[in-house]
Amino acid sequence: MALSWGASALAATGDGGLADPNINYVGRWDKSNSATYRSYWNGSYLSTKFTGTTVKVKLAEKTTFMAIVDGVAETYWDATGTFNLTPTPLANGTHTLKIIARHEKTELPFQGLVLDAGASTVRPDTLPLVEFIGDSITSGVLTQEQAVTDYAWLTGERLGVDHTQISYPGITLTNGYHHKDSPMPGMESLYFKLWQANRCPDVACTANPGWNFANYTAKLVVVNLGSNDNFTAVPSRVPPATFQETYTNFLKNIRAKYPNANIFALRTFNGFYQTETQAAVNARLAAGDARVHYVDTTGWIDSSDLPDTLHPDDGGHVKITNRLLPILLPYLGKVTLNDSKFSYDNTANWPSGWQNGAYQNDNHWSSVANASYQVPFSGTQVTLYGGQAPAHGIAAVSIDNGAETFVDTYSAARKDNVPLWSSPVLTAGNHTLKVRNTGLKNASATGTFVVGDRVDITDGGVNLLSNAGFEDGLRGWSTGSQSGTVSTATTRPNSGSSHLVHSGGTAGYWAYTSQILTGLANGSYTVKAWVRGTAGHQLYVKGFGGSPVSVTSVASDVYTQLTISNINVTNGSAEIGFWTSDGSGTGWLHVDDMTFYKQ
């Protein structure tokens, strides 16, 4: 009897072959050829971990790519065949690897990895996925490394997620209008295809296979389109009414592919079609799609960030990332705390100040042995971010006074806002992260500095609330008051740059802020909110098919978290909000970082 075995049948876990389940393919990959898996669209990548001291990549033909081994990035030009990514062998152990298509026309003709004898791949962590849709800005034109130094890549990495960039320079949203040098279809069509624009044999791109959206599911989708519709389109600028109708249908068609994703439509950074973009979002909201959000990017960057008046430089993309990050984080069930929220053993040990590239451009630092800071948090996991530099030493990290893990923060070149350490998954509840300066250092380091910059706290499931951190004012929330005021302010946020305020005057007042969610799957939910203020304000949930439930705040000048768990939704909807009734008129409430998620 003759037997025929396909490549997938022969593949073994850990062998580095194409079908090795320990290799994670992120983006639009064509796996129809059993000898070569091929990536399309810039920013596509594969990731894995591997044991041993060396790793090589097998490539079917010449290509350019970036490889990141143990966090160290290197770009390789015109590489082909079996290409060595570790010409200097690594220390024996487990290492991390990403191989990335860094240019809009780059494809990775991947044929597998070659490992040391006896070594194997190790499955990387399973992560949620965020998809970015755009044009040359989302492709990183004018940045140093293009697809790996644009805001999409930076935001995805800082969110701690897998991420894709379905973007191409010069592309419009609208079909029938195209860049003067490149007659391509609009993203309203091309987004749903496997190949990027340079692969299209004609304007209609008729031979381009459709992308199978069953290959992955995005939790968040970020859209930044309209610049090319405005002023580089042929035969003319897209009429505003046409753009609005196209954008509305585009959001509808994305929703059909990702029924449960939160979709964010960004105002173009130059403000093109701002009114029409917001109107498209409002049309989808009116149609009952509560998970579509307009993001006002006014003031995120300025002319100094735009060398050619349109494309942000590297610093501009960092600014965009810093503004986008706190908007997206709550929808992944995460909250970010800046170093200003940490508890330091002694302020003299931890001076603070401005640091370009750090989260919110500030951090604390110390070179004092045994100096420490703590971060109390409620959640199931915490990730520590900070700086690496030539003068940085070794930190000791622990959870709940448990065993310490040493983290070397030395780097030959300075890097800020990088992930340094993640805790294991913890039992849900209150925990404390502690970071201690050991006074020790890498042999190559010139100092023993340790910094405090930011932590990301996993606070539950995917957040179902819109504008949950009030970064976009009161958008998405219903409000009311008598003799009082409901507003937002930037004075003392828990994270990000804004928070909710209930306040009065000289007489008694009442006020509320609420959001009604529909289309919920029945089951148990949890709501959480960080609050500070006077006592007596209520976090409540009602209209879910059971009796209303609430929890009352206590007086506190620092943010504390209110929680209501086991909310049994039986009718597919719920109203979540805050109620204030203050007889004196002097009561006040600040709210930030609300989450409502399915348990």
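Residues numbered from 1 in each chain as written. Predicted model: local features only at pLDDT ≥ 70, side-chain atom pairs only at ≥ 80, totals over all residues. Heavy atoms only, no water.

## A few points about the nonpolar core
Soluble globular proteins: nonpolar side chains tend toward being buried together. Selection criterion: Side-chain atoms within 4.5 Å are what join buried Ala, Val, Leu, Ile, Met, Phe, Trp, Tyr and Cys residues into a set we call a nonpolar core. Exposure categories follow from relative accessible area, calculated using a 1.4 Å probe and restricted to protein chains: below 20% of the type maximum is buried, above 50% is exposed, and the middle band is partly exposed. The helix and strand labels rest on DSSP assignments: H or I over at least four residues marks a helix, E over at least two residues marks a strand, and numbering proceeds from the N terminus. We call two residues in contact whenever any of their non-hydrogen atoms come within 4.5 Å of each other.
Judged by nonpolar contacts, the single largest core of 50 residues is most densely connected at Met-187, Tyr-191 and Phe-250. The biggest single contributor to this core is helix H5 (residues 240-257), with five residues. Contacts of Met-187, omitting those with residues within four sequence positions, involve Trp-41, Ile-133, Gly-134, Ile-166, Ser-167, Tyr-168, Ile-171, Thr-172, Leu-173, Leu-225 and Phe-250. Counting 29 residues, the second largest nonpolar core, distinct from the first, contains Leu-465, Leu-562, Ile-564 and Ile-576.

## Description of the confidence of the model for the protein chain
Condition: As a per-residue quantity, pLDDT reports the predictor's confidence and falls between 0 and 100.
With 97% of its residues at a pLDDT of at least 70, the protein chain reaches an overall mean of 91. pLDDT under 50 marks residues 1-11. Its contacts with residues more than four places away, or in other chains, come to five contacts.

## Quick notes on the sheet that holds strand E24 (residues 429-437)
This is how the line gets drawn: DSSP bridges decide pairing: two strands pair if at least two such bridges lie between them.
Spatially, E16-E19-E24-E21-E22 is the arrangement adopted by the five strands of the open sheet, whose pairing is antiparallel. Unpaired on one side and paired on the other, strand E16 (343-344) and strand E22 (405-408) mark the two borders of the sheet. With four bridges connecting them, strand E21 (residues 394-399) and E22 associate as antiparallel partners. Bridge pairing in E22 places Ala-396 opposite Phe-406.

## Topic: the pairing of strand E3 (residues 55-69)
Sheet analysis places E3 next to strand E6 (residues 109-115), joined by five bridges and oriented antiparallel. Bridge pairing in E6 links Leu-59 to Phe-110. Relative to strand E4 (residues 72-84), E3 is paired through ten bridges, and the arrangement is antiparallel. Within E4, the position partnered with Ala-67 by the bridge is Glu-74. A loop of two residues connects E3 with E4, the two strands running antiparallel in sequence, and Asp-70 in this loop sits at a positive phi of about 55°. Sheet analysis places E3 next to strand E5 (residues 93-100), joined by four bridges and oriented antiparallel. Bridged to Met-66 within E5 is Ile-100.

## Concerning the side chain of Thr-268
Cut-off, in case you're wondering: Polar contacts, as used here, are pairs of N or O atoms within 3.5 Å; protein pairs need one atom able to donate a hydrogen and one able to accept it. Residues neighboring in sequence count only if both atoms are side-chain atoms.
By secondary structure assignment, the location of Thr-268 is in the loop between strand E13 (262-266) and helix H6 (274-286). With a relative accessible area of 1%, Thr-268 lands in the buried category. Only 2.7 Å separates the side chain of Thr-268 from the backbone nitrogen of Phe-272, close enough to count as a polar contact. Residue contacts for Thr-268: discarding those within four places in its chain leaves Asn-224, Leu-225, Gly-226, Ser-227 and Thr-297.

## What about the packing of aromatic side chains?
Defined as follows: Aromatic pairs are defined between Phe, Tyr and Trp rings, using the six-membered ring for Trp, whenever the two ring centres lie within 6.5 Å; interplanar angles under 30 degrees are classed as stacked, those over 60 as edge-to-face, and all others as tilted. Geometrically, a charge over a ring is one whose NZ (Lys) or CZ (Arg) sits within 6 Å of the ring centre while staying within 35 degrees of the ring normal.
By the definition in use, this model includes 30 aromatic pairs. The interplanar angle of 85° and the centroid separation of 6.1 Å between the aromatic rings of Tyr-151 and Phe-269 together place this pair among those described as edge-to-face. Within this pair, whereas Tyr-151 is found in helix H2 (residues 151-159), its partner Phe-269 is found in the loop between E13 and H6, the two being separated by 118 residues in sequence. Through pairs of rings, three or more aromatic residues link up here, namely Tyr-191, Phe-192, Phe-213, Phe-250 and Tyr-258. The ring of Trp-195 is capped by Arg-199, whose NZ or CZ atom sits 5.8 Å from the centre of that ring.

## Topic: the sheet that holds E13
Under the convention used in this document: Between the N-to-C directions of two axes lies an angle of 0 to 180 degrees, each axis being a line fitted to C-alpha atoms and, for a helix, fitted only over the stretch in contact.
Taken in spatial order, the five strands line up as E9-E8-E11-E13-E14 in an open sheet, and their pairing is parallel. The open sheet has two free edges, formed respectively by strand E9 (162-167) and strand E14 (292-295), since each of these has just one partner strand. Strand-to-strand twist of the sheet, defined as the mean angle between neighbouring strand axes without regard to direction, takes the value 20°. Bridge analysis of E13 against E14 gives four bridges, and the strand direction is parallel. Bridge pairing in E14 places Phe-264 opposite His-293.

## So, the pattern of salt bridges
We count it as follows: Salt bridge, as used here: a side-chain nitrogen of Lys or Arg that lies within 4 Å of a carboxyl oxygen of Asp or Glu.
This model, assessed by the stated rule, comprises 13 salt bridges. A salt bridge links Asp-456 to Arg-454; its shortest N-O distance comes to 2.4 Å. Take Asp-456 and Arg-454: they sit in the same class, and that class is buried. Of the charged contacts in the structure, one is a salt bridge between Asp-557 and Arg-532, with a shortest N-O distance of 2.6 Å. Pair noted here: Asp-557 is in strand E34 (residues 556-569) and Arg-532 is in strand E31 (residues 523-533), with a separation of 25 residues, a long-range link. We classify Asp-557 as partly exposed; its relative accessible area is 46%. Judged by its relative accessible area of 5%, Arg-532 falls in the buried class.

## Description of the state of the cysteines
We apply this condition: Cysteine sulfur atoms are paired as a disulfide whenever they come within 2.5 Å of each other.
Scanning all chains against the criterion turns up one disulfide. Each sulfur in the disulfide pair Cys-200 and Cys-205 lies 1.8 Å from the other. Across the S-S bond linking Cys-200 and Cys-205, the dihedral sits near -75°, which makes this disulfide left-handed. In terms of burial, Cys-200 and Cys-205 fall into one category: buried.

## Observations regarding the side chain of Ser-556
Tracing the chain through its elements places Ser-556 in strand E34. You can call Ser-556 buried: its relative accessible area is 15%. Excluding its chain neighbours within four sequence positions, the residues that come into contact with Ser-556 are Arg-532 and Gly-533.

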